[in-house]
Amino acid sequence: MSYIVTGACVDCKYTSCVEVCPVEAFHETPDRLLINADDCVNCDACVPECPVEAIYAEENVPEEMHDWIEKNQDAENFPKLGEPKDALKGPKCVNPNAG
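Predicted, not measured: the structure shown is a model, and the values here were computed from it.

Visitor: Is there a simple way to explain the side chain of Thr-15 in this structure?
Guide: Tracing the backbone through its elements, the reader meets Thr-15 in the loop between β1 (3-5) and α1 (16-20). For Thr-15, a relative accessible area of 6% puts it in the buried group. Every residue in contact with Thr-15, bar those within four places of it in the chain, is listed here: Leu-33, Leu-81, Pro-84 and Lys-85.

Here it is as structure tokens:
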């Protein structure tokens with residue numbers, strides 16, 4: 001099992017989760033972060049760090065968000081993000097004032 005980044009990350013891209021990840025499992029797309037299941041060690045460190053509550057353990061992803069499990073499988077097709085950076089806080093961000 002792995003952790004999954006869901007739609008609440010779209011256009012936000014807060015990276016406090018990246019800062020606490022011990023294995024650099026996060027990858028960056030133009031508008032969101034994804035978690036590479038092959039790298040994730042299921043440590044749970046990223047979940048409380050996400051200010052928009054976009055990260056779930058795969059087995060706890062709400063049914064209406066199950067499509068995000070497949071979307072995270074594309075993580076390896078994007079660059080790894082090993083260090084935090086400024087949040088995107090774009091127009092679709094669910095909480096642009098967080099983080």
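Visitor: How should the state of the cysteines be read in this particular structure?
Guide: Structurally, a disulfide amounts to a covalent bond that connects the sulfur atoms of two cysteines. All told, the structure shown has 1 disulfide when counted by the stated rule. Each sulfur of the disulfide joining Cys-12 and Cys-93 lies 1.9 Å from the other. On the S-S bond that ties Cys-12 to Cys-93, the torsion sits near 110°, and the link is right-handed. Of this pair, Cys-12 sits in the loop between β1 and α1 while Cys-93 is found in the segment after α2 (67-72), placing the two residues 81 residues apart along the sequence. Accessibility expressed as a relative area gives 0% for Cys-12, which makes it buried.

Visitor: Mind showing me how you'd approach the nonpolar core here?
Guide: Generally speaking, soluble globular proteins have nonpolar side chains that are buried together. Grouped together as the largest cluster of nonpolar side chains are 23 residues, with contacts concentrated most on Phe-26, Ile-35, Val-52 and Ile-55. Setting aside chain neighbours within four positions, we find Ile-35 in contact with Ser-2, Tyr-3, Ile-4, Val-5, Ala-25, Phe-26, Cys-40, Cys-46, Ile-55, Asn-72 and Ala-75. With 5 residues, the next largest nonpolar core counts Ile-4, Val-10, Trp-68 and Ile-69 among its residues.

The rules behind each value
- Residues numbered from 1 in each chain as written.
- Predicted model: local features only at pLDDT ≥ 70, side-chain atom pairs only at ≥ 80, totals over all residues.
- Heavy atoms only, no water.
- Helix = DSSP H or I, 4+ residues; strand = E, 2+ residues; numbered from the N terminus.
- Buried < 20%, exposed > 50% of the residue type's maximum accessible area, 1.4 Å probe, protein only.
- Contact = heavy atoms within 4.5 Å.
- Disulfide = S-S within 2.5 Å.
- Core = buried A, V, L, I, M, F, W, Y, C linked by side-chain atoms within 4.5 Å.

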